[in-house]
Amino acid sequence: HMEAKEAFAPMRNVALEGIGAVQAIKGKTSERVITSPQGTEITANGKVVLNFCANNYLGLCNHPRVKQAAAKTIEAYGFGLAGTRPVCATQDIHKKLEEEITRFNQTEDTILFSSCFAANGAIFDTLLSEKDAVISDALNHA
């Protein structure tokens, strides 16, 4: 047990440094509370501000057709997934969307990921080996 503890000490130290950096950043900023729908303008901490940090790149999160489609899908499938694709399988609506994207882009195939984190994991596992290194900015959240 002690050997394992010693073996993981360097990784533990790196993790603690990372946690310290996050705490230092959090100490310098205050958490904003959004009280409006997501969009290019939001109400945060009681003020209307421009939102440059959302994942709503196309500005569709409040589009009436998107909201209507989401409500219809929730009615049919429930809310959210029970787990990841490798664990809980893939739903038919995701396969249909991938097929449509493949046809539209005229590519061999398409795979959708639920987050940039998941996509990065897949691409890193596919392209990199134990001989490769990834250098990333300290504030990279994806």
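For clarity, every value in this text was computed on a predicted model and none was experimentally measured.

Enquirer: I keep staring at the environment of Gly39 and nothing clicks. Help me out?
Expert: In this fold, Gly39 is placed in the loop between helix H2 (9-28) and strand S1 (41-44). Remark: the alpha-carbon pair of Gly39 and Asn62, spanning 23 residues in sequence, is separated by 7.3 Å. Apart from the residues within four sequence positions on either side, Gly39 is in contact with Asn51, Asn56, Cys61 and Asn62.

Enquirer: Sorry, what's going on with the side chain of Thr102 here?
Expert: Examined against the element boundaries, Thr102 turns out to sit in helix H5 (residues 92-105). Since its relative accessible area comes to 12%, Thr102 is described here as buried.

Enquirer: Would you mind showing me how to read the pattern of salt bridges here?
Expert: In a structure, side chains of opposite charge can pair up when their charged atoms sit close to one another. Tallying each qualifying case throughout the model produces one salt bridge. The partner of Glu98 in a salt bridge is Lys95, with the nearest N and O atoms 3.5 Å apart. Residue Glu98 and its partner Lys95 are located together in helix H5, separated by three residues, close to a single helical turn.

Enquirer: Looking at this model, I keep getting lost on H5. Mind explaining?
Expert: An α-helical turn contains 3.6 residues, so any two residues separated by three or four positions project in the same direction. Here H5 spans 20 Å end to end across 14 residues, near enough to the 20 Å set by a 1.5 Å rise per residue. Positive phi shows up at Gln106, right after H5, with a value of about 55 degrees.

Enquirer: Whenever I open this one, the pairing of S1 confuses me. Can you help?
Expert: Both faces of the sheet carry side chains from a regular strand, because those side chains alternate between them. Burial of the side chains of S1 is restricted to one face: Ile42 and Ala44 are buried, whereas none of Glu41 and Thr43 on the reverse face is. Taken together, the four bridges between S1 and strand S2 (residues 47-50) define a ladder with antiparallel strand orientation. Each residue of the ladder has a partner; that of Glu41, found in S2, is Leu50.

Enquirer: Is there a simple way to explain the environment of Gln38 in this structure?
Expert: In this fold, Gln38 is placed in the loop between H2 and S1. On the basis of relative accessible area, Gln38 is assigned to the partly exposed category, the value being 34%. Each C-alpha atom of the pair Gln38 and Leu60 lies 9.4 Å from the other, and the pair is 22 residues apart in sequence. Here Gln38 is in contact with Asn51, Ala54, Asn56, Cys61 and Asn62, once residues within four sequence places are set aside. A distance of 2.9 Å separates the side chain of Gln38 from the side chain of Asn51, its partner in a polar contact.

Conventions we followed
- Residues numbered from 1 in each chain as written.
- Predicted model: local features only at pLDDT ≥ 70, side-chain atom pairs only at ≥ 80, totals over all residues.
- Heavy atoms only, no water.
- Helix = DSSP H or I, 4+ residues; strand = E, 2+ residues; numbered from the N terminus.
- Contact = heavy atoms within 4.5 Å.
- Buried < 20%, exposed > 50% of the residue type's maximum accessible area, 1.4 Å probe, protein only.
- Salt bridge = Lys/Arg side-chain N within 4 Å of Asp/Glu carboxyl O.
- Expected span 1.5 Å × (residues − 1).
- Pairing = 2+ DSSP bridges.
- Polar contact = N/O pair within 3.5 Å; in protein donor to acceptor, adjacent residues only side chain to side chain.

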